[in-house]
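# Breakdown of the fold
Residue-level listing of the chains:
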Amino acid sequence: MGGERLFGPLELTLRDGGWTCILGPSGVGKSTILRLIAGLEIGGAFEGEIDAPDVAYMAQDDLLFPWLNVLDNAVLGARLRGGVPDFERAKALIGRVGLTAQIGQKPPTLSGGQRQRVALVRTMMEDRPVILLDEPFSALDARNRAQMQELAVELFAGRTVLLITHDPAEAARLSDVIYILDEAGLRAMAVPEGDAPRAVDDAAVLRAQGALFKELRA
Amino acid sequence: MMRWRTPLLATAFALAGWQMLVWLTGVQHFILPGPLRVGQAMLTHWESLAEHGLVTLLEVVLGLTIGAALGIATAIHIAFSARARKYVLPVLVFSQAIPVFALAPVLTLWFGFGLSPKVIMAVLIVYFPVASAFYDGLNGTQRGFVDLAQVMGATPVQVMRRVRIPAAMPSLATGLRMAAVYAPIGAVIGEWVGSSKGLGYLMLLASGRAKIDLMFAAVVVLAFLTVAVRAIVDWLCRRYL
């Protein structure tokens, strides 16, 4: 990119039905990996092979369409493809994230946390086996972030998730597999015991978080 | 009522200043008539002002509608096709270097003294701001929206129809509001160059006969007409865009 090599040979396999997390500093190319898997333009050359089934995608920006209300944003995929939206399922999911009262509102009237909840529902509505998350929680305040992480683990259960993040705490809480990505490439890291979402103040999580943080700064 | 008070007050002050100027300088009424004289002229000549005003209004509405439709179609076309962008965009930009006013005599030569050359003038003057504002909007769709739609499996046509066009509506509204103010200019210039109807014609006629108060009356009517067209376009944009 720009004549420079962003990263060398790289091999990544996602844990089927689990959360794989790529942790790394900004600008190291985490999002590029995700865009490659999603089949999006990366503004550079890529050589290699990507074997990904249909994916759903959720970014840091909620990407809600400001001219559509909550319900219509939730069924966006079907709307865009000209299909018949499954409004019943959308309403049920909106209820599960606690936004039934806001169902007719437009995004500008919602809080950041509420908007990201709608994005979560929209991602679920795609009903894809693989879900790509590009720092979806990093713009939220601490409380909302923790709630959203738990909600995401609950809703995405059984699906293969790739989470891109720069937050060691998030990686330690949610992942089944953790990689650090830096100039040297991908490195597998130790994962704390127990099922995600692990408690924020769990000793093993805090230890893992410390280890990841150390590794990032190394 | 409150929102009308300030503009009304400002207008009243301006009119009073104008009348004072006429009284104090003692300027001849065929050079500068005072607002009272102009008001009188409006009352005396209301029938011909209305008649010619309606002609101009028709030209403006037709020009605005056709020009906006053409501008919208062009914007979508060049936003969608890279080849169209390559060929059409430079022509579009260069065409703006030609003063529309310079074309008025040619249009009259080609299309005669009737309605059509004025409508065409209005179309020409409306077309570019609409096309360029809307194109900018279509081109400036938030990258993430398009990415998301692409991952969701939307085709380029679906992305255009359901993402880029709705996202560009505020830009289109801006272009249309500008166009609403420009359209009457086009129509009146067309009338100046050659016509037997319309407010532009009435202005020339009145000025030729040294009826400057009537000329001013026609200008006032034109101003009201422009404000009204702008207000209607604004309302339509708010309602539907």
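Each remark here, short or long, concerns the structure printed above.
This text gives an overview of the structure that appears in the document. (Residues numbered from 1 in each chain as written. Chains lettered and ligands numbered in written order. Predicted model: local features only at pLDDT ≥ 70, side-chain atom pairs only at ≥ 80, totals over all residues. Heavy atoms only, no water.)

### Concerning the side chain of Glu59(B)
Defined as follows: Under the DSSP-based scheme used, a helix requires at least four consecutive residues in state H or I and a strand at least two consecutive residues in state E, with every element numbered from the N terminus. For every residue, the accessible area obtained with a 1.4 Å probe (protein chains only) is divided by the maximum for its type, and the residue is called buried under 20%, exposed over 50%, and partly exposed between those limits. In summary, the charge assignment counts Lys and Arg as positive and Asp and Glu as negative, without counting His or the chain termini. A pair is scored as a salt bridge if a Lys or Arg side-chain nitrogen falls within 4 Å of a carboxyl oxygen belonging to Asp or Glu.
Along the chain, the position of Glu59(B) falls in helix H3 (residues 46-80). It turns out Glu59(B) is buried and unbridged, and the closest side chain with the opposite charge, Lys118(B), is 5.6 Å from it.

### Details of the interface of chain B and chain A
The condition that has to hold: The contact rule is simple, with two residues in contact once any of their heavy atoms fall within 4.5 Å. By buried area we mean how much accessible surface two parts lose on assembly, using a 1.4 Å probe and totalling the loss over both. For this analysis, a polar contact is any N or O atom pair within 3.5 Å, provided that within protein one partner can donate a hydrogen and the other can accept it, and provided that sequence-adjacent residues contribute only side-chain to side-chain pairs.
Taken residue by residue, the interface counts 17 residues in chain B and 23 residues in chain A. Together chain B and chain A conceal approximately 1,600 Å² of surface at their shared face, both sides included; 67% is due to carbon and sulfur atoms. In terms of surface lost to chain A, no three residues of chain B exceed Leu148(B), Val151(B) and Met152(B), which account for 41% of the buried area on that side. Joining chain B to chain A, the criterion identifies one salt bridge. Of the charged contacts in the structure, one is a salt bridge between Asp147(B) and Arg35(A), with a shortest N-O distance of 2.8 Å. Here chain B is connected to chain A by six residue pairs in polar contact (both at pLDDT 80 or more). Broken down by secondary-structure element, the contributors of at least two residues to the side of chain B that touches chain A are helix H7 (143-151) and helix H8 (156-167) of chain B.

### Side note on the packing of aromatic side chains
The line we're drawing: Between the rings of Phe, Tyr and Trp (Trp by its six-membered ring), a pair exists once the centres lie within 6.5 Å; its type follows the angle of the planes, with under 30 degrees stacked, over 60 edge-to-face, and the other angles tilted.
Applying the stated criterion across every chain, the model contains six aromatic pairs over all chains. Here Phe65(A) and Phe145(B) contribute two aromatic rings whose centre-to-centre distance is 4.6 Å and whose plane-to-plane angle is 45°, an arrangement assigned as tilted. Highlighted residues: Phe65(A) in the loop between strand E2 (55-59) and helix H2 (70-74) and Phe145(B) in helix H7, drawn from two different chains. The pair formed by Phe65(A) and Phe145(B) is uniform in burial state, with each residue classed as buried. Between the aromatic rings of Trp110(B) and Phe111(B), the centroid separation amounts to 6.4 Å while the plane-to-plane angle is 80°, which identifies the pairing as edge-to-face. Residue Trp110(B) is classed as exposed on the basis of its relative accessible area of 60%. With a relative accessible area of 40%, Phe111(B) lands in the partly exposed category. Among the aromatic residues, those joined into a cluster by ring pairs are Phe65(A), Trp67(A) and Phe145(B).

### Some points on unusual backbone geometry
A negative phi angle characterises most non-glycine residues, just as the trans form characterises most peptide bonds. Residue Leu63(A) is not a glycine yet carries a positive backbone phi of 55°. Despite not being glycine, Ala210(B) shows a phi value in the positive range, around 60°. Take Ala210(B): it is sitting in the loop between helix H10 (199-208) and helix H11 (212-240).

### Focus on helix H4 (residues 87-96) of chain A
Residue and element names in this part refer to chain A. Put simply, the rule reads: What the arc covers is the set of directions going from the helix axis to the C-beta atoms.
Taken residue by residue, H4 has Ala90, Leu93 and Ile94 as its buried positions. All buried residues of H4 lie within an arc of 100° about the axis, which places them on one face of the element. Those residues of H4 that are buried are in contact with H2, helix H5 (112-125) and helix H6 (142-155). Looking one or two places after H4, you find Gly98, whose phi comes out positive at around 80°.

### Section: the sheet that holds strand E3 (residues 130-134) of chain A
All names here are of chain A. Condition: Two strands are said to pair when DSSP picks up at least two bridges between them. Fitted lines through C-alpha atoms serve as axes, helices being fitted only where they are in contact, and the angles separating the N-to-C directions of these axes extend from 0 to 180 degrees.
Taken together, the six strands give an open sheet; going across it, the order is E2-E3-E4-E1-E5-E6, and neighbouring strands pair in mixed fashion. The open sheet has two free edges, formed respectively by E2 and strand E6 (185-189), since each of these has just one partner strand. Adjacent strand axes in the sheet meet at a mean angle of 20° when their direction is disregarded. Here H5 sits on the sheet in contact with E2 and E3, set at roughly 170° to E2.

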